[in-house]
Amino acid sequence: MKKVFKSTGLIALAGMMLLTACSSGNSGSSPEPSKESTAPAATQEAKKADQKPVELTVFVNMPWWSLKDWSGKVPEEITKKTGIKLNVQVATDDKQLPLLIASGDLPDLVYTATDLTRMAVSNVSYPLGDLIKKYAPDFKISKERMGVNTMPDGNFYTIRNAYSTEQEWKDNPKAIPGTSGMTFRQDIMEKIGNPSLNNLDDLTAVLGKVKAQFPDMTPLVWDKDQIGQNLRINFGLKKAKGFVDIDGAAKYYLKDKNYLNYYLYMNNLYRKGYMTAENFTFKDAQQDDQLVLNGKAFAHGHGNADTTNPQLEKLGAAFKMTQVTKLLSDQAGVPMGGSGWAGMYITKKNKNPEASIKFLQFMYSEEGQKLGLYGIKGEDWEYNEAEKYPVMKYDFNNAEIQKKMGVVWWGLIGSSGVNEALQRYSPTSQMTKWGLANRAALKFNPALGLVATEPDTEEQVIEAQIQNMVTTEELKIYLAASEAEAKAQYDALLKKAESLGLAKLETWATAKYKEYQKNF
């Protein structure tokens, strides 16, 4: 997530993707249902200048969250609209919220992308349905959103952001999913004769020409947090977590039939010297950027030409980066299964549940979402009615401007996947062309996306052990000395996963998958 602003200016996806949020859990409430969620008429009274705002404390369970207080034109406008002012507490680490829950010392509101099941308990948080019935009967939430947020006790305690249905994506053709791109040096491409770049074989050939003609240059460098992710997209794969549907059962993501092909492709690039072993040990998330900005790398995995080229121009560089704007395989896919990313919880310690649910009602409304994500309409953005997307009047990718305005981040409180994605659209952007190509490869399976292990369970322990193992063992596949060795290392990885309890995890996941399918 922290990394997303480097590449797309928007969260994920991260960390879409963030980042790839960001992307593999991957969608939140959307325009269509959020039109139902109109802002309550009562909040209009908050516009009275002599009315003192209700102050609520929110704990943001994300240590990297950049906005440390409720300041800037966007939060101020939200306060005018709702009568709510937030006192912001940002987590110091990922252990703080579990301790607050255990002690019962919770603030009014908690915004979190983790510990979701810990918060979704009736003695910790209010069921939103109860508060809506009592205080905001005109707050309408679609069945799809209730379905992906309903807990085993039959209640829903939040409506997570970043979720939109397949139909909502279809209805908004300018909504750009947050996916990991790839860029290359245009001047070097011209010097090697502008070879074709239409498929993965072409990519291998291009990197080979660079290696042969410019031996001192690294043909391909990766962001350390997004190694191989652009290629996973081209192989139609999930990244680093979750399950895939194999013959109707929920199987661990590494069992996707294309994962071995992906690993062999990456291993081939390494063995030919097109990427380095050092790349897998980068400690600094900016090391890949520096290689690109210094002219020492040809292609940049997770690169964004729209943000890199202004930096190159500022440095006086004599070259620019060009975005790869097409999918390089007919197997490409962008998994969109999921229930959203983060959610706001109204805790049982909340001193004003009525004001809190009406605040959420506004933030989930179309007006609230767009105010938080885009800024003040007419002043910060206009809506292109013909093309159906917001046109920004400021440098939307500038993190400092975002921080000063308080824009984007607070919009994530209740935003839909589509509203988040629409802000990525710019007709002159190279990343927009890449994003439009990705739209054709979206794959939806929200029931599968809901399958996630819960804290303090045996399933989560098994999954964590497997993930830790994969982090180490996967490197052996990438850096294998031959294709045969890479295949053997992949088989060994799966065997080690089985020894850690993978079969038991998949049995549990399949049962959950079939249960969630009933909601759709």
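Structural notes, computed from the coordinates. (Residues numbered from 1 in each chain as written. Predicted model: local features only at pLDDT ≥ 70, side-chain atom pairs only at ≥ 80, totals over all residues. Heavy atoms only, no water.)

### So, the nonpolar core
With 65 residues, the main nonpolar core has Val60, Trp65, Tyr111 and Phe359 as its most contacted residues. Setting aside chain neighbours within four positions, we find Phe359 in contact with Trp70, Ile78, Thr82, Ile84, Leu86 and Ile413. (Core = buried A, V, L, I, M, F, W, Y, C linked by side-chain atoms within 4.5 Å. Buried < 20%, exposed > 50% of the residue type's maximum accessible area, 1.4 Å probe, protein only. Contact = heavy atoms within 4.5 Å.)

### Some remarks on the pairing of strand β12 (residues 381–384)
With four bridges connecting them, β12 and strand β13 (residues 389–392) associate as antiparallel partners. In the sheet register, Tyr383 faces β13, and the bridge partner there is Pro390. Count of turn residues in the β12/β13 antiparallel hairpin: four residues, of which Lys388 carries a positive phi of about 65°. (Pairing = 2+ DSSP bridges. Helix = DSSP H or I, 4+ residues; strand = E, 2+ residues; numbered from the N terminus.)

### Some thoughts on helix α19 (residues 430–439)
Every α-helical turn comprises 3.6 residues, leaving residues that sit three or four positions apart pointing alike. Of all 10 residues in α19, seven are buried; the element is thus mostly enclosed. Taken together, the buried positions of α19 are occupied by Met431, Thr432, Trp434, Gly435, Ala437, Asn438 and Arg439. In the core, the buried residues of α19 are packed alongside α8 (166–171), α11 (229–235), α14 (305–315), β9 (321–323), β10 (334–335) and β14 (442–443). Among the residues of α19, the N-terminal cap falls to Ser429, whose side-chain oxygen and the backbone nitrogen of Met431 are separated by 3.1 Å. (Polar contact = N/O pair within 3.5 Å; in protein donor to acceptor, adjacent residues only side chain to side chain.)

### Side note on the layout of surface pockets
By volume, the second largest pocket is sized at about 470 Å³. Every residue lining the second largest pocket is counted, 27 residues in all, and those nearest its centre are Asn397, Gln423, Arg424, Ser426 and Ser429. Looking at the lining of the second largest pocket residue by residue, the classes come out as 12 nonpolar, 12 polar and three charged. (1 Å grid on protein atoms, 1.4 Å probe; cavity = no way out; pocket = protein on both sides within 12 Å on 5 of 7 lines; lining within 4 Å. Points joined across faces, edges and corners; volume = space filled by probe spheres on them. Nonpolar A, V, L, I, M, F, W, Y, C, P; charged D, E, K, R; others polar.)

### Observations regarding the pattern of salt bridges
One pass over the full model with this rule turns up 23 salt bridges. Glu366 is paired through a salt bridge with Lys370; the nearest N and O atoms lie 3.1 Å apart. Of the two residues, Glu366 and Lys370 both sit in helix α16 (residues 366–374), four residues apart, roughly one turn of that helix. Given a relative accessible area of 13%, Glu366 falls into the buried group. (Salt bridge = Lys/Arg side-chain N within 4 Å of Asp/Glu carboxyl O.)

### Some points on the pairing of strand β7 (residues 249–252)
Sheet analysis places strand β6 (residues 243–246) next to β7, joined by four bridges and oriented antiparallel. Bridged to Phe243 within β7 is Tyr252. Here β6 folds back onto β7 in antiparallel fashion, the turn holding two residues, of which Asp247 has a positive phi close to 55°.

### Focus: the packing of aromatic side chains
Applying the stated criterion across every chain, the model contains 24 aromatic pairs. With a centroid separation of 6.2 Å and an interplanar angle of 55°, the aromatic rings of Tyr394 and Phe396 are classed as tilted. Classification of Tyr394 by relative accessible area gives buried; the value is 15%. Among the aromatic side chains, those forming a connected cluster through ring pairs are Phe235, Phe243, Tyr252, Tyr253, Tyr259, Tyr262, Tyr263, Tyr265, Phe280, Tyr478 and Tyr490. Note that Lys370 overlies the ring of Tyr383, its terminal NZ or CZ placed 5.3 Å from the centroid. (Phe/Tyr/Trp six-rings, centres within 6.5 Å; stacked < 30°, edge-to-face > 60°. Lys NZ or Arg CZ within 6 Å of the ring centre and 35° of its normal.)

### A word on the environment of Arg145
Following the sequence through the fold, Arg145 ends up in helix α7 (residues 143–149). In this structure, the C-alpha to C-alpha distance between Arg145 and Ser339, residues 194 residues apart in sequence, is 8.0 Å. At 3.0 Å, the side chain of Arg145 forms a polar contact with the side chain of Glu168.

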